[in-house]
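Descriptive analysis of the structure
Take a look at the letters that make up each chain.
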Amino acid sequence: MSSSAPPPTLMVARIEKLRPADLHDLGDAAEQAIRDGGGFGWLEAPTRDLMERYWRGVVLIPDRSLYVGRLDGVIGGSVQLVRPPRNNEAQAHTAALTTCFVAPWARGHGLARRLVQAAEAEARKTGVLVLNLDVRATQEPAVRLFESLGFVCWGRHPYYARVLGEAVAGCYYYKDLSESPP
Ligand SMILES: CC(C)(COP(=O)(O)OP(=O)(O)OC[C@H]1O[C@@H](n2cnc3c(N)ncnc32)[C@H](O)[C@@H]1OP(=O)(O)O)[C@@H](O)C(=O)NCCC(=O)NCCS
């Protein structure tokens, strides 16, 4: 008889109001991802107060959508879809994906893939034609994820980031949504 646990339930949704429990889970997940090597801009986890102020700020910013991914109801990761400011008419057809992360305990279940797909679906629905993103070249799982989802690397910046006093290269990606079916 097999004793393997049933697969966890995944849920991904845009979140516009953060309840205290969600804020707490999101803070925990981000902190764990940062301690694990991040990819989230922060090299060291900020204080809990700063972290919570960051997430409260994210949901207030116009033209920015926050998606969270839950594993059995607990937030384990997120991604943000950011549109250019209204004055930038020349780039009104674009949006960027940023701050994509999944906490170590929630990885390997397809949560990041679902998060990126949900943000991409909103981009398509709102008329975005080109989706951009950038990532440290050393974040190999992320590079694999984005390439498997059809993002095209158009450039590499040798001094993209600085970690422990060393330059780290970055990869710049785009996805032409008008050319690729959902
Ligand atoms: C990258 C990251 C978001 C992936 O999260 P995840 O939920 O485990 O990813 P998924 O389970 O959805 O996997 C989707 C795809 O990503 C790639 N991938 C994920 N983990 C991988 C790993 N350890 N090694 C190689 N590829 C990996 C694979 O292509 C995978 O597809 P497959 O399962 O069909 O092989 C997570 O590892 C993370 O948060 N890393 C640190 C932060 C970061 O790099 N963020 C991106 C920069 S903004």
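Shown above is the structure to which this text applies.
Fair warning: this is a prediction, and the values are worked out from it, not measured in the lab.

**Regarding the nonpolar core**
Ranked by size, the top nonpolar core spans 37 residues in total, and within it L97, C100, L115 and A119 carry the most contacts. Broken down by secondary-structure element, the contributors of at least two residues to this core are α1 (20-35), β2 (64-71), β3 (74-82), β4 (94-102), α3 (111-125), β5 (130-136), α4 (140-148) and β7 (166-176).

**Some points on the sheet that holds β2**
Strand order across the open sheet formed by 7 strands is β1-β2-β3-β4-β5-β7-β6, with mixed pairing between neighbours. Each having just a single partner strand, β1 (10-14) and β6 (152-163) make up the two edges of the open sheet. The sheet shows a mean angle of 25° between the axes of neighbouring strands, taken without regard to direction. Where β1 lies against β2, 5 bridges are found, and the strand directions are antiparallel. Among the inter-strand pairings, V12 is bridged to a residue of β2, identified as G69. Sitting on the sheet, α1 touches β2, β3 and β4, and the angle it makes with β3 is about 85°.

**Let's talk about the packing of α1 against helix α2 (residues 48-58)**
Here α1 crosses α2 at 115°, and the two axes come no closer than 10 Å. Taken together, α1 and α2 sit at an angle that is classed as roughly perpendicular. α1 and α2 meet at a crossing whose hand is right-handed. Contacts between α1 and α2 pair L23, L26, G27, A30 and E31 from the former with R48, M51, E52 and W55 from the latter. The class makeup of the residues in the contact of α1 with α2 is 5 nonpolar, 1 polar and 3 charged.

**A word on the environment of L111**
Along the chain, L111 turns up in helix α3. The exposure class of L111 is buried, given the 25 C-beta atoms found within 10 Å. Once the C-alpha coordinates of L111 and L133 are considered, the two residues, 22 residues apart in sequence, prove to be 18 Å apart. Beyond its immediate chain neighbours, meaning those up to four positions away, L111 contacts L10, G69, L71, G76, G77, V102 and A106.

**What about unusual backbone geometry?**
Note on backbone geometry: most residues besides glycine have negative phi, and most peptide bonds are trans. The phi torsion at D63 lies on the positive side, around 65°, for a residue other than glycine. Looking at where D63 falls in the secondary structure, it is placed in the loop between α2 and β2. Given 11 C-beta atoms within a 10 Å radius, D63 is considered exposed. The backbone of L164 sits at a positive phi, close to 50°, despite the residue not being glycine. Mapped onto the elements of the fold, L164 is located in the loop between β6 and β7. Residue L164 is classed as exposed on the basis of its 6 C-beta neighbours within 10 Å.

Criteria and cut-off values
Residues numbered from 1 in each chain as written. Predicted model: local features only at pLDDT ≥ 70, side-chain atom pairs only at ≥ 80, totals over all residues. Core = buried A, V, L, I, M, F, W, Y, C linked by C-beta atoms within 7 Å. Buried ≥ 20, exposed ≤ 12 C-beta atoms within 10 Å, placed from the backbone. Helix = DSSP H or I, 4+ residues; strand = E, 2+ residues; numbered from the N terminus. Pairing = 2+ DSSP bridges. Axes fitted to C-alpha atoms, helices over the stretch in contact; angles between N-to-C directions. Contact = placed C-beta atoms within 7 Å. Parallel < 35°, antiparallel > 145°, perpendicular 65-115°, else oblique. Left-handed = near helix turned anticlockwise from the far one by under 90°. Nonpolar A, V, L, I, M, F, W, Y, C, P; charged D, E, K, R; others polar.

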